[in-house]
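Coordinates in review
Read off the chains here:
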Amino acid sequence: MQKTEGEESKAENEEVKQVTLMTSDGVKMKVEISIVYEMEIVRSFIEVNDADHSVPFPLPNVSSHTLDLIIELVKNEYDDEFMKTFSHDELKEVLVAANYLNMKTLLDFIATAIANLLEKKSVEFIRNFFNIVNDFTPEEEAEIRKTNEWVFQDLDED
Amino acid sequence: MQIKCLKMKTYSRRTKNTLHVPEDLIIQILLRLPVKSLVRFNCVCKSWLSLISDSHFSLSHFERAATCTERLVFFEPSAPEVRSIDFNAPLYDDSASAVLNLNFLPPKPNDVRIRGSSRGFVLLECCQRLWM
């Protein structure tokens with residue numbers, strides 16, 4: 001990577017250019033600029049302001065744990081196997097963070113992964129996954145189920 | 001402020017499935033599901049039923065599905081059947097190569113030509129007539 005004169009003279013003259021991000025739990029994390037550039041929300045700010053990269057960029061909606069997961073996912077070029085180790089909460093946290101950070105590739109990847117996970121799951125599993133309260137009466141639900149009984153066959157175990 | 005955030009984090013880690021996913025992100029997930037799953041998820045709750053039944057949602061779902069598949073239809077007069085092949089399907093997917101039912105054409109058509117195709121419909125010319 002080419003460096004400008006100003007950056008050469010900086011005290012922290014790293015091999016790979018990094019940007020410091022400040023997570024919601026107050027952790028300062030140095031992240032490679034190639035990864036940061038996937039985060040449109042940070043990228044647009046850096047590009048417009050030509051900011052001093054040593055000043056932490058605040059991410060009040062992303063925890064250090066979620067940012068760790070995101071960095072690993074991007075480094076591993078969105079590896080399915082790595083993502084399969086995520087808990088349900090971690091999947092949702094990465095989804096929400098990808099949307100907030102405006103990371104289009106990650107958002108598409110994680111939304112597709114969650115869709116694949118839910119595709120053959122029961123209605124009860126979905127309610128539990130998204131923490132949704134069933135507001136149908138038993139009669140109403142039975143009525144909807146009756147109209148399309150075939151869609152309740154061949155499901156995964158919860 | 002920092003203390004508040006730390007508290008929230010401990011709370012969300014300890015309790016499971018409490019993270020709220022905004023509706024626009026739930027829509028992003030639903031758009032990627034097949035119709036069979038969507039019909040089942042109609043009875044998750046009232047807001048999902050109205051969302052999935054919404055015409056704008058159906059249209060977006062259709063548009064997405066239509067742009068994601070690329071199938072090749074191949075006609076060969078000497079072949080016993082006409083197949084449609086999906087190049088983006090995984091190897092183990094049985095629907096990657098499907099036999100097309102062309103019973104509506106005259107028996108033993110020997111001069112079928114593809115005149116055009118759009119969104120899964122194929123326009124055929126056979127025996128000086130057009131077929132969809």
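Residues numbered from 1 in each chain as written. Chains lettered and ligands numbered in written order. Predicted model: local features only at pLDDT ≥ 70, side-chain atom pairs only at ≥ 80, totals over all residues. Heavy atoms only, no water.

As for the overall build of chain A
Condition: Strands here mean DSSP runs of E at least two residues long; helices mean DSSP runs of H or I at least four residues long; both are numbered from the N terminus. Under the scheme applied here, a residue whose accessible area is under 20% of the maximum for its type counts as buried, over 50% as exposed, and between as partly exposed, the area being computed with a 1.4 Å probe on protein chains only. Only heavy atoms matter for contacts: two residues are in contact if any of them lie within 4.5 Å across the pair. Note on areas: Shrake-Rupley, 1.4 Å probe, and residue coverage restricted to the protein chains presented here.
When you go through chain A residue by residue, the secondary structure sums to nine helices and three strands. Ordered by position in the sequence, the α and β elements of chain A form the string α-β-β-α-α-β-α-α-α-α-α-α. Burial statistics for chain A: of 158 residues in total, 40% are counted as buried. Contacts in chain A between residues far apart in sequence, at least 24 positions, make up 56% of those at least 6 positions apart. Split by element, the accessible area of chain A, about 8,900 Å² in all, is 48% carbon and sulfur.

Some points on unusual backbone geometry
Residues and elements named next belong to chain A. A positive phi is found at tyrosine 78, a non-glycine position, where the angle reads about 55 degrees. Tracing the chain through its elements places tyrosine 78 in the loop between helix H4 (64-75) and helix H5 (80-83). Even without a glycine there, the phi angle at aspartate 154 is positive, about 55 degrees.

What about the packing of aromatic side chains?
Residues and elements named next belong to chain A. For clarity, the cut-off: We call Phe, Tyr and Trp rings a pair once their centres come within 6.5 Å, taking the six-membered ring for Trp, and we label the pair stacked below 30 degrees between planes, edge-to-face above 60, and tilted otherwise.
Across all of its chains, the model carries seven aromatic pairs over all chains by this definition. Relative to phenylalanine 109, the ring of tyrosine 78 lies with its centre 5.3 Å away and its plane at 50 degrees, an arrangement referred to as tilted. Here tyrosine 78, found in the loop between H4 and H5, pairs with phenylalanine 109, found in helix H7 (residues 104-118); they are 31 residues apart in sequence, far enough to count as distant. Residue tyrosine 78 shares its accessibility class with phenylalanine 109, and that shared class is buried.

Structural notes on the UniProt feature "domain: SKP1 component dimerisation" (unreviewed entry) in chain A
Threshold: UniProt positions are given in the numbering used here, feature names are shortened, and annotations may be inferred rather than shown by experiment.
Mapped onto the present numbering, the UniProt feature "domain: SKP1 component dimerisation" (unreviewed entry) falls at residues 104-150 of chain A. Secondary structure within residues 104-150 of chain A divides into 70% helix and 0% strand; the distance between the first and last C-alpha atoms comes to 35 Å.

Concerning the pattern of salt bridges
Residue and element names in this part refer to chain A. Heads up, the rule is: We define a salt bridge as a contact between a side-chain nitrogen of Lys or Arg and a carboxyl oxygen of Asp or Glu at a distance within 4 Å.
Evaluation of the coordinates by the stated rule reveals six salt bridges over all chains. A salt bridge links arginine 127 to glutamate 141; the nearest nitrogen and oxygen atoms lie 3.3 Å apart. Of this pair, arginine 127 sits in helix H8 (residues 123-130) while glutamate 141 is found in helix H9 (residues 138-147), placing the two residues 14 residues apart along the sequence. A relative accessible area of 11% means that glutamate 141 is categorised as buried. Here the salt bridges do not stand alone but share partners, grouping Glu124, Arg127, Glu141 and Arg145 into one network.

Looking at the state of the cysteines
All names here are of chain B. Defined as follows: Any cysteine sulfur atom paired with another within 2.5 Å is treated as part of a disulfide.
Under the counting rule described, the total for this entry stands at zero disulfides over all chains. Just so you know, cysteine 43 is unpaired, no disulfide at all, and the nearest cysteine sulfur is the one on cysteine 45, 10.0 Å from it. Note on cysteine 43: relative accessible area 0%, which makes it buried. Its relative accessible area of 4% is what places cysteine 45 among the buried residues.

Considerations on the sheet that holds strand S3 (residues 57-58) of chain A
Residue and element names in this part refer to chain A. How we decide: DSSP-based pairing: two strands are paired if at least 2 bridges between them are found. Under this scheme, a helix contributes an axis fitted over its contacting stretch, all axes are lines through C-alpha atoms, and angles between N-to-C directions fall in the 0 to 180 degree range.
Reading across the sheet, the three strands line up as S2-S1-S3 and stay open at both edges, with mixed pairing between neighbours. In this open sheet, the two strands that pair with only one neighbour each are strand S2 (28-32) and S3. Here two bridges tie strand S1 (residues 18-22) to S3, and the two strands are oriented parallel to one another. The residue of S3 that forms the bridge with methionine 22 is proline 58. Where H4 meets the sheet, its contacts fall on S1 and S2, and the angle it forms with S2 comes to roughly 10 degrees.

Some details on the confidence of the model for chain A
For clarity, the threshold we go by: A score between 0 and 100, pLDDT records how confident the predictor is in each residue.
Averaged over every residue, the pLDDT of chain A is 88; the share at 70 or more is 86%. Within the model, the stretch residues 3-14 of chain A combines pLDDT values under 50 with 11 contacts to residues more than four positions away or in other chains.

Some thoughts on the environment of Phe125(A)
Relative to the assigned elements, Phe125(A) resides in helix H8. Distance in space between the C-alpha atoms of Phe125(A) and Asp158(A) is 6.1 Å, their sequence separation being 33 residues.

Digging into the interface of chain A and chain B
The following threshold applies: As used here, buried area is the combined drop in accessible area, with a 1.4 Å probe, of two parts when they are placed together. The term polar contact refers here to a pair of N or O atoms within 3.5 Å; inside protein, the definition further demands a hydrogen-donor-capable atom paired with an acceptor-capable atom, and it admits residues adjacent in sequence only when both atoms are side-chain atoms.
Facing the 48 residues of chain A at the interface are 35 residues of chain B. Of the roughly 3,400 Å² buried between chain A and chain B on both sides combined, carbon and sulfur atoms contribute 66%. Linking chain A with chain B are one salt bridge, by the criterion used here. Between Asp108(A) and Arg32(B) there is a salt bridge, and its shortest N-O distance comes to 2.6 Å. Summed over the shared surface of chain A and chain B, the number is nine residue pairs in polar contact (both at pLDDT 80 or more).

Some thoughts on the pairing of S2(A)
Residues Met29(A) and Val31(A) point to one face of S2(A) and are all buried, whereas Lys28(A), Lys30(A) and Glu32(A), pointing to the other face, are not buried. Taking the residues between adjacent antiparallel strands as the criterion, S1(A) and S2(A) are bridged by five residues, where Gly26(A) takes a positive phi near 80 degrees.

Some details on H4(A)
This is how it is decided: Expected span of a helix, by definition, is 1.5 Å for each gap between consecutive residues, and there is one gap fewer than residues.
Compared with an ideal rise of 1.5 Å per residue, which puts 12 residues at 16 Å, H4(A) spans 16 Å between its outermost C-alpha atoms and is within 8% of the ideal. A positive phi of about 50 degrees marks Glu77(A), the residue just after H4(A).

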